[in-house]
Structures are given as C-alpha cells and as structure tokens.
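Summary of the model geometry
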Amino acid sequence: MVGGRVYTSLERSHNQQDFLEAQLAREVENGRMFRLLAKLGVITERPEFAGDAQWSETGDRYLLKLFRDYLFHQLLPSGAPWVDLAHIVQTLNKLDAGAPENMALHSRDEQSALVVSYADLRNCLESAFSDILQAAHAEADS
C-alpha cells in the first residue's frame, strides 16, 4: 500500500521534471534565436558606422544583408511573399551552429550571387557585431 503511493508520487515528480526540462529547452532555444536576430538587426539596419555611410553595404556586412534577404524576403515565382517559419528557424539554427553547408546568396536585382557557408556567415556576424560593441564601449568609457 505504501509502495503504491511512493510509486505514484515518484511518477508525478518525474513527469513534472520532464515538463520543466521541456519548458527550459524552449526558453533556451528562444534566447538563442533572439540573440541571433538582435545581432543581425543591429548590423544590417545600421545606415552608417564610424562616419562611413556605406559601412553596411561593404565587406562582411553586405553578406549579412544578403543573408537577411534570404531569411526574410524571399518571393514566390508569382512575386508574392514566401513566408515559411520553418525555413527561418532551420536557417537560424544552421547559422548558430556554424554549419559548413554552403548556400547561394543573391542580390535583390539578381545581378550577383555569392556562395558562402553558414560558418563563414557566423564569423561575419560575430566580427561585425564585435566592431559595433567596441565602438559602443569606447564611447561609454570616454
């Protein structure tokens, strides 16, 4: 009789633990995605940096702008917007992991295409964000 109650209590405890672990995993995943999107937004939505009006249109930052377009601004052949949340999550996960998989990024006018890996894009993201943070910290320290 006591053994049955102990087993029931133990089972409830394990179920609660499983539930809490699943919730924690969701929150960790949300946090990772938010950090990536925040970094991407800080970089790609900055019209100028350090007096350079073309900062976001050159070098690594240009790759990140093309990546942003690949992530959020794809179109169907009819010209209608293509919205696929699974594509966004999967692509962000590959970026976060720095996957060696290559992808083709096209300019909006489709006149140029660049082949780059998620690992390269992650390095570009971290480097550009680091540049911005250093400038922010330097300004705060002065």
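No experiment lies behind these values; they were computed from the predicted model shown. (Residues numbered from 1 in each chain as written. Predicted model: local features only at pLDDT ≥ 70, side-chain atom pairs only at ≥ 80, totals over all residues. Heavy atoms only, no water.)

1. Digging into the overall build of the protein
In terms of regular secondary structure, the protein is built from 4 helices and 2 strands. The C-alpha radius of gyration computed for the protein amounts to 22 Å, which surpasses the reference 14 Å derived for 142 residues by more than 25%, pointing to a less compact arrangement than a globule. Principal axes of the C-alpha set define a box for the protein whose edges measure 75 × 55 × 25 Å. Among the 142 residues that make up the protein, the fraction classed as buried is 27%. Within the structure as shown, the protein displays about 9500 Å² of accessible surface, and the carbon and sulfur contribution to it stands at 56%. (Helix = DSSP H or I, 4+ residues; strand = E, 2+ residues; numbered from the N terminus. Rg over C-alpha atoms; globule rule 2.2 N^0.38 Å. Buried < 20%, exposed > 50% of the residue type's maximum accessible area, 1.4 Å probe, protein only. Areas by Shrake-Rupley, 256 points an atom, 1.4 Å probe, with all protein chains shown as cover.)

2. Quick notes on the nonpolar core
The biggest cluster of nonpolar side chains holds 25 residues, and the ones touching the most others in it are Ile43, Leu64, Phe67, Leu95 and Leu121. Those elements that provide at least two residues to this core are α1 (2-44), α2 (59-72), α3 (85-97), β1 (102-106) and α4 (118-141). (Core = buried A, V, L, I, M, F, W, Y, C linked by side-chain atoms within 4.5 Å.)

3. Regarding the side chain of His87
Tracing the backbone through its elements, the reader meets His87 in helix α3. Classification of His87 by relative accessible area gives buried; the value is 10%.

4. Thoughts on unusual backbone geometry
If you check the backbone angles, Glu110 has positive phi at about 60° while not being a glycine. By the element assignment, Glu110 lies in the loop between β1 and β2 (113-117).

5. Regarding the environment of Leu105
Relative to the elements of secondary structure, Leu105 occurs in strand β1. Along the backbone, Leu105 and Ala136 are 31 residues apart, and their C-alpha atoms lie at a distance of 30 Å. Each residue touching Leu105, except ones within four places of it in the same chain, is listed here: Leu63, Leu66, Phe67, Tyr70, Ser112, Ala113, Leu114, Val116 and Leu121. (Contact = heavy atoms within 4.5 Å.)

6. Regarding the pattern of salt bridges
Pairing between side chains of opposite charge can happen when the charged atoms of each approach one another. Tallying each qualifying case throughout the model produces 6 salt bridges. Ionic pairing is found between Arg68 and Asp69, a salt bridge with its closest N-O pair at 3.3 Å. Residues Arg68 and Asp69 agree in their burial class; the two are buried. Across the pair Arg122 and Asp96 runs a salt bridge, and its minimum N-O distance is 3.9 Å. In this pair, Arg122 sits in helix α4 while Asp96 sits in helix α3, placing the two residues 26 residues apart along the sequence. Taken together, the shared-partner salt bridges connect Arg32, Asp96 and Arg122 into one network. (Salt bridge = Lys/Arg side-chain N within 4 Å of Asp/Glu carboxyl O.)

7. Examining the packing of α2 against α4
Geometrically, a packed helix pair is captured by the angle between its two axes and the distance between the axes. Contact geometry of α2 with α4 gives a least axis separation of 9 Å together with a crossing angle of 120°. Relative to α4, α2 is oriented oblique. Remark: the crossing between α2 and α4 carries left-handed chirality. Between α2, through Asp60, Arg61, Leu63, Leu64, Phe67 and Tyr70, and α4, the contact on the second element is made entirely by Tyr118, Leu121, Cys124, Leu125, Ser127 and Ala128. By residue class, the composition of the contact of α2 with α4 is 9 nonpolar, 1 polar and 2 charged. (Axes fitted to C-alpha atoms, helices over the stretch in contact; angles between N-to-C directions. Parallel < 35°, antiparallel > 145°, perpendicular 65-115°, else oblique. Left-handed = near helix turned anticlockwise from the far one by under 90°. Nonpolar A, V, L, I, M, F, W, Y, C, P; charged D, E, K, R; others polar.)

8. Focus on the side chain of Ser107
Along the chain, the position of Ser107 falls in the loop between β1 and β2. Within polar-contact distance, the side chain of Ser107 engages the backbone nitrogen of Gln111 at 3.3 Å. Those residues in contact with Ser107 that sit more than four places away from it in its chain are Tyr62, Leu66 and Ser112. (Polar contact = N/O pair within 3.5 Å; in protein donor to acceptor, adjacent residues only side chain to side chain.)

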